[in-house]
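Given next are the chains, with one letter for each unit.
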Amino acid sequence: MPSSQAPSIAGSALDPSAVRPDIADAEIFRVAPAELRAKLLLLRAEGCSLLLDVGAVDYLGREPRYDVVYHLLALPAKPSSVAEIGVPRRVRVLAGVPAEAPMLPTVCDLWPSANWAEREIYDLFGISFEGHPDLRRIQMPEGWEGHPLRKDYPLRGPAREATPRPAFASKSNVPAGTPPAGKVAAALQKQIARARGQAPNGTEKT
Amino acid sequence: MSVTPEAVARATTLDVVEVKGNAMTLSMGPQHPSTHGVLQVVVEVSGEIVEKAEMEIGYLHTGIEKTAENLFWTQAGTVIERMDYLNPLGNELTYTLAVEKLLGVSDRIPERAQSIRVLVTELTRIASHCVWLGTGGIDLGAISTFFYTFDIREDILDLLEQSGGARMHPHYIRIGGVNGDVPAGFLGRLDALIAKFPQRMRELRALLQNNPILRDRMIDVGIVSPADALAWGLTGPSLRASGIAYDVRKAFPYSGYEKYAFDVPVRDDGDAYARFLVRLDEMEEAMRIVGQVRKELDTSGPIMIDDPKIAQPPKEAIALSMEALIHHFKIVSESFRVPPGDVYVATESPRGELAYYLVSNGNNRPYRVRTRPPSMYNLQALKHMVPGNLIADMVVMIGSLDPVFGEVDR
């Protein structure tokens, strides 16, 4: 493997929000988990009415290990024209989450749109949200082991193969191994039996 | 019987999960034609009235974000365009703009490349709305609409095939520009499409807009107030049908959208009919932009950034120049490194604000690719819209939100 292809990810002390001041795509705030709700409440009071997205990043080897990223937009909550909206304020809030017992307070009560986004982070990163009304897996099947978007989740190899795959057992309509039932299945079975009973042309039936 | 996760998982389309007096819990989907893909809605109904709707998604989860993290910057676009399969070029464009911003080359993209990008994404927007209108028409019993809209869509897909080499996922927009100029004969066919489009739209409007059945099915169905629209994270046509004229192309112009004259259609009613009208108007506005871009394409110019570290050299140069061969080899075999940093870049997809939050750690693969999927947030609002309405109206509401499950589940 050429040196440039080696993933020099683990252990890097990366805080990407601080290294590129030239990319002025939003106002950026970094807060501690304890101050997160207060900061978001303040921003909401300042007019950031739309929570566009909640995402997460796993900086394996860094402490705090995860960043949960909130993207906000300030839009007037009433009918308004393009000129009234102008260039709305974009805000990005990053909260570091430790590797041990990763947990953040939910913002579902402030913006109902956060519901599925927080469930997705819980599902794919294993970060819990305290006070979430319905915290369960959303993309992966119930009973899946591990959190696929973590950097230490195996892509392939023995560890990946050892992960049980209940994907179709849990989300499909029929439990695995159930024989087909009903009139259609009976007719099908009959047809198969008939076909098996007929010998191909030119061969002796044994 | 009781509503356990196992009972929900076992349920097939229109299976009864639970009966309690007059109330009944039904499972609709994930293989129901009106759910526009693989959506399962578990509805508590009392007679025909839905009292509560809970959506189950994830049936189409393919781990695209994880896959993209393990591809080169140049390769990740191929899986990313497969998220929203009705808007592949919009996905490519958003990702490409984000990578270019991280590279710091946004202002060096040739003008002709930007024009072609706008052209193909606006054509894709029309094609996407054609699918929405066709399938939405089927939801409402107007089956012939499907054939009219897919006729327009075929013309557009033919054009995209001619320019990019594939109908659905051409990976035509590349980091630094576009993959090849528009071929000979493209502009003639584009002119023919521009010429016949107004007549096609008149036909569609005559067929649909004042159709009493469609009006009855859509007016006052699924009303979303402006405050609720923001609280539930609606964007795109669904937000603009609630009166808020937020369009990324106007608020944060990219790829030269500030040059083009176009209006942002807005309606105040917030119901399914308003969303329907906004999308119809958007198709015409998109064609207005296409007409303006068409005029810019008469003169020729470069279509790729002049930077051998980012752009693949032309085939002729590889045969003659050693440097070109080396650059070609390096880009193909190990891509390029992108300076560390994070960036959030949004564009206006046919469904709303589509954005990528990219993190680079200075390597030749993205460290994190987070999508802001407009369909997912729009669809989530269904939980708020449905209670108290007829089960048949829920079908109209799903259609009016225009979800694409490749993007919801990724």
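So, how was this worked out
- Residues numbered from 1 in each chain as written.
- Chains lettered and ligands numbered in written order.
- Predicted model: local features only at pLDDT ≥ 70, side-chain atom pairs only at ≥ 80, totals over all residues.
- Helix = DSSP H or I, 4+ residues; strand = E, 2+ residues; numbered from the N terminus.
- Buried ≥ 20, exposed ≤ 12 C-beta atoms within 10 Å, placed from the backbone.
- Contact = placed C-beta atoms within 7 Å.
- pLDDT = per-residue confidence, 0-100.
- Nonpolar A, V, L, I, M, F, W, Y, C, P; charged D, E, K, R; others polar.
- Core = buried A, V, L, I, M, F, W, Y, C linked by C-beta atoms within 7 Å.
- Domains from an automatic or database assignment.
- Pairing = 2+ DSSP bridges.
- Axes fitted to C-alpha atoms, helices over the stretch in contact; angles between N-to-C directions.
- Parallel < 35°, antiparallel > 145°, perpendicular 65-115°, else oblique.
- Left-handed = near helix turned anticlockwise from the far one by under 90°.

1. A closer look at the overall build of chain A
Right, so step 1: The number of helices and strands found in chain A is 7 helices and 6 strands.
Right, so step 2: Traced from its N-terminal end to its C-terminal end, chain A shows the element sequence α-β-α-β-β-α-β-β-α-β-α-α-α.
Right, so step 3: Across the 206 residues that make up chain A, the buried fraction comes to 29%.
Right, so step 4: Counting only contacts in chain A whose residues sit at least 6 apart along the sequence, the fraction spanning at least 24 positions is 57%.

2. Some details on the confidence of the model for chain B
Residue and element names in this part refer to chain B.
Right, so step 1: For chain B, per-residue confidence averages 87 on the pLDDT scale, and 95% of positions sit at 70 or higher.
Right, so step 2: Looking at the elements of chain B, mean pLDDT is at its lowest for helix H1 (residues 5-10), recorded as 65, and at its highest for helix H4 (residues 88-103), recorded as 92.
Right, so step 3: Scoring the predicted complex yields pTM 0.84 and, for the interface, ipTM 0.86.

3. With respect to the interface of chain B and chain A
Right, so step 1: In this complex, chain B contributes 51 residues to the contact, which on the side of chain A involves 51 residues.
Right, so step 2: Contributing elements (two or more residues each) for the side of chain B that touches chain A: H1, helix H2 (64-69), helix H9 (226-231), helix H11 (248-251), strand E7 (341-349), strand E8 (352-360), strand E9 (368-372) and helix H15 (374-380) of chain B.
Right, so step 3: Element by element, the count of residues in the side of chain B that touches chain A is highest for E7(B), at 5 residues.
Right, so step 4: Residue composition of the side of chain B that touches chain A, by class: 24 nonpolar, 13 polar and 14 charged.

4. Thoughts on the nonpolar core
Right, so step 1: Grouped together as the largest cluster of nonpolar side chains are 156 residues, with contacts concentrated most on Val68(A), Leu72(A), Leu382(B) and Met397(B).
Right, so step 2: Both of domain 1 (5-56) and domain 2 (64-305 + 337-372) of chain B provide at least three residues apiece to this core.
Right, so step 3: Not counting residues up to four positions away in its chain, the partners in contact with Leu72(A) are Leu43(A), Cys48(A), Leu50(A), Leu51(A), Leu52(A), Val91(A) and Val93(A).

5. Brief notes about the sheet that holds E8(B)
Residue and element names in this part refer to chain B.
Right, so step 1: In space, the 3 strands of this open sheet follow the order E7-E8-E9, with antiparallel pairing throughout. Of all the strands in the sheet, just E7 and E9 have a single pairing partner and so form its edges. Across the sheet, the mean angle from the axis of one strand to that of its neighbour is 15°, orientation sign disregarded.
Right, so step 2: Pairing analysis gives 9 bridges linking E7 to E8, with the strands arranged antiparallel. Bridge assignment links Tyr 344 to a residue of E8, and that residue is Tyr 357.

6. Quick notes on the domain arrangement of chain B
A common way to express how large an interface is: the accessible area buried when the components associate.
Right, so step 1: We note that the domain assignment places domain 1 (5-56) and domain 2 (64-305 + 337-372) within chain B.
Right, so step 2: Once you take the C-alpha centre of each, domain 1 of chain B and domain 2 of chain B turn out to be 33 Å apart.

7. So, the sheet that holds strand E2 (residues 50-58) of chain A
All names here are of chain A.
Right, so step 1: Pairing is mixed in the open sheet, where 4 strands are placed in the order E1-E4-E3-E2. Strands at the two margins of the open sheet, each flanked by one partner only, are strand E1 (27-31) and E2. Averaged over neighbouring strand pairs, the angle between their axes works out to 20° when direction is ignored.
Right, so step 2: Here E2 runs beside strand E3 (residues 66-73); their pairing, made up of 8 bridges, is antiparallel.

8. Things to note about the packing of helix H12 (residues 272-296) of chain B against helix H17 (residues 391-401) of chain B
All names here are of chain B.
Right, so step 1: As a packed pair, H12 and H17 sit with axes 9 Å apart at the nearest point and diverge in direction by 30°. Looking at the two axes, H12 sits roughly parallel to H17. Judged by the twist between their axes, the crossing of H12 over H17 is left-handed. Two secondary-structure elements touch here, H12 through Ala 272, Arg 275 and Phe 276 and H17 through Val 396, Met 397 and Ser 400.

9. Considering the packing of helix H5 (residues 111-139) of chain B against H12(B)
Residues and elements named next belong to chain B.
Right, so step 1: For the pair H5 and H12, the least separation of the axes is 9 Å and the interaxial angle reads 155°. Between H5 and H12, the angle is such that the two are roughly antiparallel. Crossing angle aside, the handedness with which H5 passes H12 is left-handed. Side by side, H5 and H12 meet where Ser 115, Val 118, Leu 119, Glu 122, Leu 123, Arg 125, Ile 126, His 129 and Trp 132 of the first sit next to Arg 279, Glu 282, Met 283, Ala 286, Met 287, Ile 289, Val 290, Val 293 and Glu 296 of the second.

10. Examining H17(B)
In an α-helix, one full turn covers 3.6 residues, which means residues spaced three or four apart are oriented alike.
All names here are of chain B.
Right, so step 1: Here H17 lies mainly inside the structure; 9 of its 11 residues are buried.
Right, so step 2: Here H17 has its buried residues at Asp 393, Met 394, Val 395, Val 396, Met 397, Ile 398, Gly 399, Ser 400 and Leu 401.
Right, so step 3: Remark: Asp 402 follows H17 within two positions and exhibits a positive phi of approximately 55°.

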